[in-house]
Amino acid sequence: MSWTDDRVETLKKMWGEGQSASQIAKELGGVTRNAVIGKVHRLGLSNRATSAGAAKTEAKPKAKPAPKIEAKPKAKPEPKDEEDGGPIMRTVAAAPPKSTLPARKQIIPAGQPLPPQPSANEISPEALAKVNEVEKKAKKIGLMELTERTCKWPVGDPATEDFWFCGLPVKQGKPYCEAHVGVAFQPMSSRRDRRR
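(A) Just the overall build of the protein chain, in detail. Within the protein chain, the secondary structure is distributed over 7 helices and 4 strands. Counted from the first residue to the last, the protein chain has its helices and strands arranged as α-α-α-α-β-β-α-β-β-α-α. Here the protein chain, with 196 residues, has 20% of them falling under the buried criterion. Contacts in the protein chain between residues far apart in sequence, at least 24 positions, make up 45% of those at least 6 positions apart. Within the structure as shown, the protein chain displays about 16300 Å² of accessible surface, and the carbon and sulfur contribution to it stands at 54%.

In structure tokens form, the structure reads like this:
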């Protein structure tokens, strides 16, 4: 299909009337909606914010927005001044509006210790002892040295040079070694018992 002068004129006419690209494509035949949109773009025809149906509804007069009312500081009259005989006016500042935004999470600068994590209290002392022993034997590898066979348990703060991964052989089907699996994947019942 080529864009002949007649087809381009039909396109321009229908576009100016507010016809949709799909309607124009159907009328022209042998052309897709996207081809019509592309041709309209290449011809530099105006972007229509509304279609013909929407243009009819736009003819209604728009309602004026309500004027904004600004809060004025309250004036508190005081007893009359003895010299003037008139009241002394004192301006009282209005309280600042309270923020409706949610509170932001605390951002900890790099190199600072992380606050205690709630899950650390739930880990059994036996599992922690086992992890401490394993971490003494860990390979202490970097991110680029991780494979599917190495334990991916992170140790330390990632923002410091002392950060490393365990690197010991993983337990079958898990991303961690046996000791770290014991900490990461605890049975549901034991977690419930500790919370009571």
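(B) Spotlight on helix α5 (residues 125-137). Under the 1.5 Å per step criterion, the end-to-end length of α5 is 19 Å for 13 residues, consistent within 8% with the ideal 18 Å. Residues of α5 that are buried include every one of A127, V131, V134 and E135, and no others. For α5, the arc enclosing every buried residue in end-on projection is 100°, short of the 170-degree limit, so these residues lie on one face. The outward face of α5, more than 90 degrees from its buried face, is lined by the exposed residues P125, E126, K136 and K137.

(C) Spatial organisation of the pattern of salt bridges. Taken as a whole and judged by the stated rule, the model has 2 salt bridges. In this structure, the salt-bridge partner of K13 is E17, at a minimum N-O distance of 3.6 Å. Where K136 meets E133, a salt bridge forms, and the shortest distance between an N and an O atom there is 3.7 Å. Highlighted residues: K136 and E133, both in helix α5, separated by 3 residues, approximately one helical turn.

(D) Representation of the nonpolar core. Residues V134, C151, W153, C166 and C177 are the most contacted members of the largest nonpolar core, which totals 15 residues. Put simply, the parts of the chain that give this core at least two residues each are α5 and α6 (178-184). With 10 residues, the next largest nonpolar core counts M14, A21, I24 and V36 among its residues.

(E) Structural context of the packing of helix α1 (residues 5-16) against helix α2 (residues 21-28). Relative orientation of the contacting elements α1 and α2 amounts to 145°, with a least axis distance of 10 Å. The two elements α1 and α2 meet at a crossing, and its hand is right-handed. Counted together, R7, T10, L11, M14 and W15 of α1 and Q23, I24, E27 and L28 of α2 form the full contact between these two elements. Grouping the amino acids of the contact of α1 with α2 by side-chain chemistry returns 5 nonpolar, 2 polar and 2 charged.

(F) How the structure looks around the packing of α2 against helix α3 (residues 33-43). One way to put it is that α2 packs onto α3 with a least axis distance of 8 Å and a crossing angle of 105°. The pairing of α2 with α3 is recorded here as roughly perpendicular in orientation. Within the contact between the two elements, α2 uses A21, S22, I24 and A25 and α3 uses R33, V36 and I37. Of the residues contributing to the contact of α2 with α3, the split by class is 5 nonpolar, 1 polar and 1 charged.

Thresholds, definitions, all that
- Within each chain, residue numbers correspond to sequence positions counted from 1 in written order.
- Note on the predicted model: pLDDT of at least 70 is required for a residue's local features to be given, and 80 or more for side-chain atom pairs to be given and counted; whole-chain, interface and lining totals, by contrast, use all residues.
- The side-chain figures draw on all heavy atoms in the structure; neither hydrogens nor water molecules are used.
- Helix and strand labels come from DSSP, where a helix needs a run of H or I of at least four residues and a strand needs a run of E of at least two; each type is numbered from the N terminus.
- Here's how the labels work: a residue is buried when its accessible area is under 20% of the maximum for its type, exposed when over 50%, partly exposed in between, all with a 1.4 Å probe on protein chains only.
- We call two residues in contact when some of their heavy atoms are within 4.5 Å.
- We get accessible surface area from the Shrake-Rupley algorithm with a probe of 1.4 Å; when it comes to residues, only the shown protein chains can shield them.
- The span one expects for a helix is its residue count, reduced by one, times 1.5 Å.
- Note that the arc is computed from the directions linking the helix axis to the C-beta atoms.
- The rule for a salt bridge is simple: a side-chain nitrogen of Lys or Arg has to be within 4 Å of a carboxyl oxygen of Asp or Glu.
- Buried residues of nine kinds, namely Ala, Val, Leu, Ile, Met, Phe, Trp, Tyr and Cys, make up a nonpolar core once their side-chain atoms join them within 4.5 Å.
- An axis is simply a line fitted to the C-alpha atoms; with a helix, the fit covers only the stretch in contact. Between two such axes, the angle follows the N-to-C directions and lies from 0 to 180 degrees.
- Helix crossings get a hand from a simple test, with the near helix turned counterclockwise from the far one by less than a right angle marking a left-handed crossing and a clockwise turn marking a right-handed one.
- Classification convention: Asp, Glu, Lys, Arg as charged; Ala, Val, Leu, Ile, Met, Phe, Trp, Tyr, Cys, Pro as nonpolar; all other residues, Gly among them, as polar.
- Any angle between 65 and 115 degrees counts as roughly perpendicular, while under 35 counts as roughly parallel, over 145 as roughly antiparallel, and the rest as oblique.

By themselves, these are just geometric observations and shouldn't be taken as functional.
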